[in-house]
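# Structural description and commentary
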Number of protein chains: 2
Amino acid sequence: MKSAAAKKMLPQDKLVYYFGDGRAEGSASMRSELGGKGANLADMCALGLPVPPGFTIVTGVCANYYASGKQFPAGLKDQVSEGIALIESAAGRKFGDAASPLLVSVRSGARASMPGMMDTILNLGLNDATVEGLAKKTGNTRFAYDSYRRFIQMYSDVVLDVGHHYFEDLLDMMKNDRDVSLDTELSEADLIELVGQYKEIVARETGREFPQDVHDQLWGAIRAVCDSWMNPRAITYRRLHDIPENWGTAVNIQSMVFGNMGDSCATGVAFTRNPSNGAKEFFGEFLVNAQGEDVVAGIRTPQPLNIAGKSADQAHMVSMEEALPEVYSELVRIYQKLEAHYRDMQDIEFTVENNKLWMLQTRNGKRTAKAGLKIAIDMVEEGLITQEEALMRLDPSSLDQLLHPTLDPNAKKQVIAKGLPASPGAACGKVVFTAEDAEHAAKNKEKVILVRIETSPEDIHGMHAAEGILTARGGMTSHAAVVARGMGKCCVSGAGDIRINYARKEFSASGLTIREGEVITLNGSTGEVMLGAVPTVQPSLSGDFSTIMAWADSARALRVRTNAETLADAATARKFGAEGIGLCRTEHMFFDASRITAMREMIVAETAKAREAALHKILPMQTQDFYDIFKVMDGLPVTIRLLDPPLHEFLPHTEAEIAEVAAAAGLPVDAVKYRAAQLHEANPMMGHRGCRLGITYPEIYAMQVRAIFTAALKAKKESIHVLPEIMIPLVMTRKELSVLKALVDDVAKEIFTAEKAEIAYQVGTMIELPRAALRAGEIAEVAEFFSFGTNDLTQTTLGISRDDAAPFIEQYKKLGVLEYDPFMTLDTEGVGELISLAASRGRAARSGLKLGICGEHGGDPATIHFCQKIGLDYVSCSPYRVPIARLAAAQAAIKAKQN
Amino acid sequence: MKSAAAKKMLPQDKLVYYFGDGRAEGSASMRSELGGKGANLADMCALGLPVPPGFTIVTGVCANYYASGKQFPAGLKDQVSEGIALIESAAGRKFGDAASPLLVSVRSGARASMPGMMDTILNLGLNDATVEGLAKKTGNTRFAYDSYRRFIQMYSDVVLDVGHHYFEDLLDMMKNDRDVSLDTELSEADLIELVGQYKEIVARETGREFPQDVHDQLWGAIRAVCDSWMNPRAITYRRLHDIPENWGTAVNIQSMVFGNMGDSCATGVAFTRNPSNGAKEFFGEFLVNAQGEDVVAGIRTPQPLNIAGKSADQAHMVSMEEALPEVYSELVRIYQKLEAHYRDMQDIEFTVENNKLWMLQTRNGKRTAKAGLKIAIDMVEEGLITQEEALMRLDPSSLDQLLHPTLDPNAKKQVIAKGLPASPGAACGKVVFTAEDAEHAAKNKEKVILVRIETSPEDIHGMHAAEGILTARGGMTSHAAVVARGMGKCCVSGAGDIRINYARKEFSASGLTIREGEVITLNGSTGEVMLGAVPTVQPSLSGDFSTIMAWADSARALRVRTNAETLADAATARKFGAEGIGLCRTEHMFFDASRITAMREMIVAETAKAREAALHKILPMQTQDFYDIFKVMDGLPVTIRLLDPPLHEFLPHTEAEIAEVAAAAGLPVDAVKYRAAQLHEANPMMGHRGCRLGITYPEIYAMQVRAIFTAALKAKKESIHVLPEIMIPLVMTRKELSVLKALVDDVAKEIFTAEKAEIAYQVGTMIELPRAALRAGEIAEVAEFFSFGTNDLTQTTLGISRDDAAPFIEQYKKLGVLEYDPFMTLDTEGVGELISLAASRGRAARSGLKLGICGEHGGDPATIHFCQKIGLDYVSCSPYRVPIARLAAAQAAIKAKQN
């Protein structure tokens with residue numbers, strides 16, 4: 001059976017929706033068909049606002065255009081003609097009519113906002129005849145030819161592929177020639193001459209005259225807007241914002257209004273509230289006698305909209321409130337109406353043509369995270385929206401901005417490489433290449449960036465000491481990324497194009513060589529690596545943040561815990577509202593310099609007795625670790641995962657370290673080396689680790705459990721409320737868990753008897769292997785809780801090593817084979833099915849089985865929605881993602897209630 | 001909730017089953033309760049055969065003994081007393097009675113035969129008083145004391161833990177002292193003295209007198225038999241034969257009969273057919289005036305049973321047929337009755353007491369694979385069993401014996417190490433440590449064993465050249481094991497105790513150092529490594545083999561294909577009955593010396609163009625490969641898997657190789673090294689491999705597909721019937737497969753157009769990731785067949801790297817955490833659920849979807865039963881397992897019909 005590439009069919013016959021004159025065929029609810037701009041234009045018309053008449057070609061036409069080899073559907077031509085006729089009748093002008101010509105704009109407008117990514121053409125409908133008609137009709141020849149030269153440039157650039165630099169060069173030559181500096185200083189005659197020159201350029205470059213038929217102009221423009229859906233900028237933008245390619249863009253054709261016909265004309269943009277701090281103030285800019293693009297292009301400095309909005313250096317400028325007081329009053333009435341209608345802060349565009357106000361666009365305004373919080377809270381207080389609506393409006397991920405230092409947005413920067421935005425924030429410091437150098441520099445109060453090909457647990461002290469981490473290899477969930485996020489430390493991982501030479505202590509990027517000691521800056525939110533120091537801005541948490549978090553907490557059902565094993569992380573997480581520890585990785589405690597030798601001694605030991613002697617040295621330190629954590633988490637549950645990584649991760653690498661371990665263990669150096677070779681694994685992720693260690697070296701787990709209960713009883717004596725949950729990693733069979741639960745219970749009994757005191761505890765397991773998920777029913781007969789280790793479960797279910805995934809995951813995303821990185825957002829179809837299957841089988845076997853998730857996904861909003869849907873009890877994530885998880889959990893709960 | 005260790009309860013009240021006097025409380029169907037021996041004793045009684053009266057304590061008592069802290073259930077004591085009373089009444093003697101004492105044997109008897117693994121006690125009931133009674137009653141004091149000294153030795157060894165060497169030493173001293181060489185030469189007085197000495201030893205070693213109370217003796221023996229269920233030999237045997245620990249053993253208590261009361265007494269063992277070649281002849285040995293253990297112990301040379309069975313050097317011996325003709329005739333009648341009753345070859349034990357024949361045991365006799373075939377076929381011809389029964393009786397795995405050379409069972413051998421029986425057969429040769437040395441030696445017609453820490457694809461030519469392969473690391477499915485099985489070459493893998501020193505070209509084992517050039521012998525069926533040359537025996541396939549295979553083929557539903565990529569393997573497999581190739585791994589074709597440089601050039605190339613140039617060099621060679629395979633498989637389907645392993649597997653390691661590649665690619669040496677470092681992966685099993693390569697380097701797959709279709713059209717022109725199935729590995733999403741299917745279709749179209757010829761083909765995928773199994777529905781919309789790659793599916797589902805699994809899988813089996821190696825027998829509960837789910841989801845999406853299995857499990861009988869159950873179309877396995885799979889598939893089909 002050969003798969004036939006089915007032609008995508010248009011679902012509807014109506015391809016064009018008219019709006020104007022206070023009526024609209026479309027509506028705000030038709031965003032998928034009309035795009036954001038088209039839906040809002042229709043909506044504004046229906047609200048009775050002054051909108052230039054026009055029509056929208058539905059998004060399906062663009063989607064179909066690509067599915068059918070760039071053909072337009074049969075009915076489109078007629079419907080566009082009808083649309084033009086309706087505009088003509090509303091505007092009282094005729095398209096292509098030399099006496100009273102109708103000019104139109106042709107703009108893109110997708111379902112999701114993609115600002116500036118696609119093409120726009122203004123003043124369409126001008127030709128050698130209509131330009132004269134326009135001049136006569138407006139009595140303004142200069143305006144008419146200014147519009148014509150703008151149109152020729154824009155149309156030629158977008159549709160005819162004649163670069164705009166040709167036209168800009170001619171304009172500059174003309175200004176030089178006339179010895180003027182502003183476009184507005186050119187005379188009517190100059191502009192007429194310039195139009196002639198422009199047309200010659202087009203004829204020369206394309207071999208054809210500039211199109212004089214306005215219908216040819218129109219169809220060229222429609223086609224160009226559709227084509228721009230697939231320009232590289234748009235493709236990249238969609239990839240970054242998860243916008244599906246098959247949505248397509250709508251095309252909006254609308255009667256032109258002119259802000260550039262004289263001093264009773266103007267154009268401007270405004271926000272109904274301050275988008276940077278959220279203050280309730282009407283805020284914007286305008287230009288007299290100008291077209292829309294002039295405000296954005298920055299050719300002239302725009303003026304403030306109102307007196308209140310004038311900044312210190314704008315004191316001398318005339319605001320719109322002063323210059324056009326009546327029009328301004330109407331604009332105020334309209335913006336208030338719009339905000340009340342959309343119940344959100346609006347970003348609006350308008351034009352004033354001969355004292356008549358026209359609304360060109362309104363949309364929900366982009367804002368900073370800080371402004372987002374304030375606007376949401378203010379609107380609740382104003383009674384405009386409910387608390388739940390306020391919560392639903394906020395993007396949980398944007399909270400990151402509030403928690404980490406950020407780069408000064410106004411600073412200049414030289415980007416030399418790009419990696420993955422592995423851990424947000426910004427960091428700046430001198431380059432070092434080893435954890436030791438990082439630590440040494442930190443002691444001397446020097447700020448450093450640790451640059452490694454990849455990091456390992458042995459680098460943790462260096463990562464702690466560094467301001468930020470840059471790695472050449474590894475994905476969003478590589479060791480460097482996970483640990484850095486846990487520390488709330490900036491990290492750029494997998495910057496594949498940098499080449500690190502440890503021997504020479506340098507790396508190369510973009511043709512430059514950066515040596516140890518040179519300064520670089522990292523942006524962990526974008527993955528950019530910059531040369532030199534780029535200034536950063538420190539965060540401070542506002543009262544708004546606390547208010548939103550309190551609302552979120554009262555709305556959510558999911559509990560939020562944290563993944564933490566250091567005192568600092570645990571304390572940070574509690575400050576951010578963590579309700580316990582969901583994952584305390586005990587192995588990180590073994591890398592401390594004072595412990596690693598004892599740990600290594602244990603590993604190379606040749607008898608269980610020698611192993612126990614080495615473990616005995618570690619016991620008091622582990623006990624102290626757990627005691628400290630229990631103290632910080634007083635009253636909250638602490639899930640402690642017993643040793644998980646394979647033993648070889650702890651082994652010495654340098655000759656000096658090997659000699660040290662050999663001496664400590666009383667073994668020949670060769671024996672240590674042999675043991676290291678013996679422990680080497682081809683695929684350590686699936687090797688002798690997790691509970692496999694616990695079963696084959698029971699003395700290791702016994703020591704850890706001893707430390708947990710000793711610490712718990714000590715804390716209890718000090719009236720600290722301890723809720724230990726002991727978690728067995730990498731279980732694949734019921735038997736593994738029952739063997740190790742028996743070990744835990746035995747040690748507990750022994751200590752409780754010796755200490756004459758008891759403490760309640762639970763024993764549970766990670767579900768991180770597909771087999772464990774499938775056999776969850778029988779495993780739940782032993783386990784008192786499940787914690788889904790989604791990192792490993794994703795690795796095994798998809799057969800992708802997260803340490804090795806970066807090279808092809810990036811390509812997969814570019815090629816559209818994957819829509820997202822499954823290590824950042826849970827693959828609900830694959831991994832998710834296993835989780836929900838395990839949840840239901842587990843609860844069937846043990847009602848009330850506690851279920852949580854503790855992979856990196858625990859802090860991902862999309863994943864949190866999934867966790868709510870399948871009824872987990874909690875998510876656990878790195879400390880800096882706790883607030884994000886609280887908000888996302890609230891949104892998930894609200895959404896669940898709505899459905 | 002704490003899990004209470006539930007006490008195992010006995011399911012029944014009746015714990016003791018009597019037999020004797022032609023009646024029996026038990027029956028042959030009660031094997032689970034009575035054990036094999038007990039059930040057969042009951043059965044023989046019911047058949048009216050002369051069986052000494054006795055009773056059986058059910059297996060549940062032993063199981064309960066372990067579950068309850070070595071306690072016997074309450075009712076047992078009374079039931080045993082009743083059993084003894086019944087024996088007393090049947091035998092006309094009384095247990096412990098000084099005048100007419102009853103003696104009993106106490107023997108183990110599990111559900112499955114565990115020959116010699118557990119303990120037995122004979123002559124129980126003798127003490128200082130009853131020995132006199134026995135002497136008087138039999139008129140044979142010598143016999144009585146001989147029995148007593150035997151009993152003391154056996155009981156002391158088994159129950160009292162006084163080693164048998166004490167008693168043997170005393171016996172030897174006595175013989176020395178009396179200057180005799182045989183036990184039978186000792187006098188009555190000597191034996192009485194010896195009994196005294198024996199009792200002194202017991203008193204000295206245990207601090208207590210030898211027990212005189214016959215009931216104490218009895219309970220001590222019962223307890224000892226139960227204890228022996230957990231002796232190390234028994235544990236090991238159960239592990240090797242997959243016998244569950246919780247079955248427990250029955251205990252058989254039976255009246256003694258005596259073959260050692262004089263020349264009218266005898267004891268013997270016999271097979272109803274020849275167990276070594278299957279000939280229909282009554283075959284056995286006996287000893288006059290002896291007890292059973294004397295035959296086995298080899299103290300005296302046993303005599304042949306009958307005249308026909310006399311071998312050349314037994315011509316002088318008197319057979320039982322001659323010595324005791326009447327008893328012999330009765331034995332013949334009985335054996336014929338038994339064989340007819342059990343419808344299988346029997347292994348029987350008997351004793352003659354004063355010319356009266358007593359049957360002590362009958363069971364299905366062990367036999368060689370060759371004998372197994374002959375007996376099965378003969379019995380079908382005799383009308384004794386049906387063809388289906390004949391097929392069900394054969395152990396598929398035993399066919400291995402017929403296909404590979406085996407060690408001469410009579411040769412002496414010095415075992416110096418033990419690894420895993422990775423690929424069966426035997427091999428002997430000089431030790432070499434590199435593939436190059438192996439190849440060089442083979443050219444000089446020297447036989448070598450390739451010894452490696454582990455093998456990689458680069459060693460394949462050396463593995464081909466060697467007689468056998470020995471590795472220090474790696475499990476049953478390591479590279480070495482898989483490839484060796486494919487080649488039908490003997491391999492011992494994971495011999496963890498040998499230490500290889502490549503630099504010195506030597507390895508150490510058992511304290512010896514074996515240098516290059518020294519001769520060793522491998523037994524791939526046991527994992528043994530032996531010093532020096534042990535002679536081997538070559539196989540020859542008999543007509544019986546063909547008969548059985550023909551019967552199997554007519555019975556089975558599953559097709560059997562093979563995994564093969566060389567001409568030799570493909571030809572072998574076809575000879576063994578393979579019905580096509582289920583897995584042709586194309587990467588093995590790239591390691592040939594003439595290709596590897598081009599391959600490496602392709603990998604280090606920095607542009608797609610340079611890559612294509614290198615691929616262009618490989619294309620004609622791949623085309624030839626496929627042409628050769630198509631030719632051998634004329635008329636049969638050939639499933640070709642496109643490139644699967646990560647590219648770094650092909651990279652050069654030595655400086656010389658790196659320089660060669662750099663020169664060929666026109667790149668600096670550093671660039672080649674950098675590329676190698678860049679391609680390095682932490683977990684290559686889950687890295688950039690399989691279809692991930694196909695998607696990111698489409699030119700590689702395009703070249704392979706080009707080669708396939710070019711070869712197929714060439715073959716077609718020569719009237720070879722080609723059925724190519726192109727298989728995409730490591731798919732996790734529908735999109736991956738659809739992208740690559742489009743690539744295959746495009747290349748096919750291009751070649752078909754150019755060549756003006758077409759060929760039918762299919763495109764399908766491996767299902768080897770849990771996600772692929774879960775998403776099988778949508779994947780089947782694109783795939784025309786699924787082949788379950790159970791090696792990788794097991795790795796990912798269980799999270800076990802097969803290359804690293806050996807150290808803990810062995811320990812897991814020892815500890816009872818795993819019952820079998822999941823890389824040898826499919827984990828039906830975990831991996832199996834995914835397979836059956838994928839099968840049903842796949843078939844729901846595409847009815848008639850072809851389903852097969854191509855992992856190493858494809859040749860495992862237990863897995864084949866599973867494949868039949870869930871309705872797969874075929875299994876594919878290494879060439880030498882094809883006959884095994886054919887038989888196992890037949891058994892699975894027959895079993896399915898029966899249910």
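### Focus on the overall build of chain A
The helix and strand inventory of chain A stands at 34 helices and 34 strands. Principal-axis analysis of the C-alpha atoms places the extent of chain A at approximately 105 × 70 × 60 Å. Relative to its full complement of 899 residues, chain A shows a buried share of 59%. A separation threshold of at least 6 residues defines the contact pool for chain A, and within that pool the share at least 24 residues apart is 68%. For chain A, the exposed area adds up to about 34700 Å²; of that, 51% sits on carbon and sulfur atoms. For chain A, the separation between the mean place of its 96 positive charges and that of its 114 negative charges on side chains is 5 Å.

### A word on the nonpolar core
With 292 residues, the main nonpolar core has Phe630(A), Phe709(A), Phe786(A), Phe630(B), Phe709(B) and Phe786(B) as its most contacted residues. Residues contacting Phe786(B), with those up to four places away along its chain left out, are Thr765(B), Ile767(B), Ala776(B), Ile779(B), Ala780(B), Ala838(B), Gly842(B), Leu849(B), Lys850(B), Leu851(B) and Gly852(B). The next biggest cluster of nonpolar side chains, apart from the first, holds 72 residues, and it includes Ala39(B), Val58(B), Val214(B) and Tyr237(B).

### Overview of the interface of chain A and chain B
Much of the literature gives interface size as the accessible area that the parts lose upon coming together. Chain A puts 60 residues into the contact, and the matching count from chain B is 60 residues. For the pair chain A and chain B, the summed buried area comes to about 5300 Å², and 54% of that belongs to carbon and sulfur atoms. If you look at where chain A meets chain B, you find eight salt bridges. Summed over the shared surface of chain A and chain B, the number is 28 residue pairs in polar contact (both at pLDDT 80 or more). At the level of secondary structure, the elements contributing two or more residues to the side of chain A that touches chain B comprise helix H24 (669-679), helix H25 (691-696), helix H27 (734-755), helix H28 (770-774), helix H30 (790-798), helix H31 (806-815) and helix H32 (831-845) of chain A. Taken together, the residues of the side of chain A that touches chain B sort by class into 25 nonpolar, 16 polar and 19 charged.

### Thoughts on unusual backbone geometry
Backbone geometry at Ser719(A) places phi at a positive 60°, although glycine is not the residue there. As for its position among the elements, Ser719(A) is in the loop between helix H26 (698-717) and strand E30 (723-728). Taking the relative accessible area as the measure of exposure, Ser719(A) reaches 65% and is therefore exposed. In this structure, Lys445(B) takes a positive phi of about 60° despite not being glycine. Inspection of the secondary structure assignment puts Lys445(B) in the loop between helix H16 (435-443) and strand E16 (448-452).

### Let's talk about the side chain of Asn306(A)
All names here are of chain A. Looking at where Asn-306 falls in the secondary structure, it is placed in the loop between strand E11 (303-304) and helix H11 (320-323). With a relative accessible area of 5%, Asn-306 lands in the buried category. Polar contacts involving the side chain of Asn-306 include one to the main-chain carbonyl oxygen of Phe-282, which spans 3.0 Å. For Asn-306, the residues in contact, after removing those within four places along its chain, are Phe-282, Ser-319, Glu-321 and Tyr-328.

### With respect to the relation of the copies chain A and chain B
Overlay of chain A on chain B (RMSD 0.3 Å): rotation 180°, translation along the axis 0.1 Å. Considering both components of the superposition, the chain copies are consistent with a two-fold axis. Most of the interface of chain A is mirrored in chain B, where 98% of its interface residues are also at the interface.

### Some points on the packing of helix H5 (residues 141-158) of chain B against helix H7 (residues 188-206) of chain B
Residue and element names in this part refer to chain B. The contact between H5 and H7 brings their axes to 9 Å, and the two run at 20°. Regarding the angle of H5 to H7, the classification is roughly parallel. The interaxial crossing formed by H5 with H7 has left-handed handedness. Taken together, the residues of H7 that come into contact with H5 (itself represented by Thr-141, Arg-142, Tyr-145, Asp-146, Tyr-148, Arg-149, Ile-152, Gln-153 and Ser-156) are Glu-188, Leu-191, Ile-192, Leu-194, Val-195, Tyr-198, Lys-199 and Val-202. Looking at the contact of H5 with H7 residue by residue, the class counts come to nine nonpolar, three polar and five charged.

### Some details on the sheet that holds strand E12 (residues 346-353) of chain A
All names here are of chain A. The antiparallel open sheet is built from five strands, whose spatial order is E11-E10-E9-E12-E13. Both outer strands of the open sheet, E11 and strand E13 (356-364), are each paired with one neighbouring strand and no more. The strands touched by helix H12 (residues 325-342) are E12 and E13; relative to E13, the strand with the most contacts, the crossing angle is about 25°.

### Examining helix H4 (residues 130-138) of chain A
Residues and elements named next belong to chain A. If you check which residues of H4 are buried, you get Thr-130, Val-131, Gly-133, Leu-134 and Ala-135. In the core, the buried residues of H4 are packed alongside strand E5 (101-102) and helix H5 (141-158). Just downstream of H4, Gly-139 is the residue with a positive phi angle, here 65°.

### A look at the packing of aromatic side chains
Within this structure, the stated rule accounts for 37 aromatic pairs over all chains. Summarising the aromatic geometry, the rings of Phe709(B) and Tyr761(B) are spaced 4.8 Å apart at their centres and angled 70° between planes, so their arrangement reads as edge-to-face. In this pair, Phe709(B) sits in helix H26 (residues 698-717) while Tyr761(B) sits in the loop between helix H27 (734-755) and strand E29 (762-767), placing the two residues 52 residues apart along the sequence. Of the residues examined, Tyr761(B) reaches a relative accessible area of 13% and is grouped as buried. Pairing Phe786(B) with Phe788(B) gives two aromatic rings, centres 6.3 Å apart and planes at 80°, and the pair type is edge-to-face. One exposure class covers both Phe786(B) and Phe788(B), and it is buried. Here the aromatic cluster, defined as three or more aromatic residues joined through ring pairs, consists of Tyr65(A), Tyr66(A), Phe72(A) and Trp219(A). Lys714(A) extends its terminal NZ or CZ atom over the ring of Tyr627(A), reaching a point 4.0 Å from the ring centre. Sitting over the face of the ring of Tyr674(A), Arg499(B) holds its NZ or CZ atom 3.7 Å from the ring centroid.

### A closer look at the sheet that holds strand E10 (residues 346-353) of chain B
Sheets are built from strands paired through backbone hydrogen bonds, the pairs being either parallel or antiparallel. All names here are of chain B. Within the open sheet, the five strands sit side by side as E9-E8-E7-E10-E11. Their pairing is antiparallel. Looking along the sheet, the strands with just one partner apiece sit at the ends: strand E9 (303-304) and strand E11 (356-364). By the bridge criterion, two bridges tie strand E8 (residues 283-288) to E9 in an arrangement that is antiparallel. In the strand pairing of E9, Glu-285 is matched with Pro-304. Seen against the sheet, helix H12 (residues 325-342) touches E10 and E11 and runs at an angle of roughly 30° to E11.

### Notes on helix H20 (residues 567-575) of chain B
All names here are of chain B. When we look at burial in H20, the residues that qualify are Asp-569, Ala-570, Thr-572 and Ala-573. Angular distribution of buried residues about the axis of H20 spans 165°; they occupy a single face of the element. Positive phi shows up at Gly-577, right after H20, with a value of about 100°.

### Topic: the pattern of salt bridges
Residues and elements named next belong to chain A. Tallying each qualifying case throughout the model produces 114 salt bridges over all chains. Residues Arg-734 and Glu-781 are paired through a salt bridge, measuring 3.1 Å at the closest nitrogen-oxygen approach. With Arg-734 in helix H27 and Glu-781 in the loop between helix H29 (776-780) and strand E32 (785-788), the pair connects residues that are 47 residues apart, well separated along the chain. Looking at Arg-734, the relative accessible area reads 32%, which means it is partly exposed. Put simply, Asp-146, Arg-149, Arg-150, Lys-175 and Asp-183 are held in one network by salt bridges that share partners.

### Observations regarding the state of the cysteines
All told, the structure shown has zero disulfides over all chains when counted by the stated rule. We note that Cys854(A) lacks a disulfide partner, and the nearest cysteine sulfur, in Cys867(A), lies 11 Å from it. For Cys854(A), a relative accessible area of 3% corresponds to the buried category. Unpaired in terms of disulfides, Cys226(B) finds its nearest cysteine sulfur in Cys62(B), a separation of 4.4 Å.

Reading guide: rules and limits
Residues numbered from 1 in each chain as written. Chains lettered and ligands numbered in written order. Predicted model: local features only at pLDDT ≥ 70, side-chain atom pairs only at ≥ 80, totals over all residues. Heavy atoms only, no water. Helix = DSSP H or I, 4+ residues; strand = E, 2+ residues; numbered from the N terminus. Buried < 20%, exposed > 50% of the residue type's maximum accessible area, 1.4 Å probe, protein only. Contact = heavy atoms within 4.5 Å. Areas by Shrake-Rupley, 256 points an atom, 1.4 Å probe, with all protein chains shown as cover. Lys, Arg positive; Asp, Glu negative; His and termini not counted. Charge placed at Lys NZ, Arg CZ, Asp CG, Glu CD. Core = buried A, V, L, I, M, F, W, Y, C linked by side-chain atoms within 4.5 Å. Buried area = accessible area lost by both parts, 1.4 Å probe. Salt bridge = Lys/Arg side-chain N within 4 Å of Asp/Glu carboxyl O. Polar contact = N/O pair within 3.5 Å; in protein donor to acceptor, adjacent residues only side chain to side chain. Nonpolar A, V, L, I, M, F, W, Y, C, P; charged D, E, K, R; others polar. Least-squares fit on C-alpha atoms with pLDDT ≥ 70 in both. Axes fitted to C-alpha atoms, helices over the stretch in contact; angles between N-to-C directions. Parallel < 35°, antiparallel > 145°, perpendicular 65-115°, else oblique. Left-handed = near helix turned anticlockwise from the far one by under 90°. Pairing = 2+ DSSP bridges. Phe/Tyr/Trp six-rings, centres within 6.5 Å; stacked < 30°, edge-to-face > 60°. Lys NZ or Arg CZ within 6 Å of the ring centre and 35° of its normal. Arc of directions from axis to C-beta. Disulfide = S-S within 2.5 Å.

Purely geometric stuff here, so don't read any function into it on its own.
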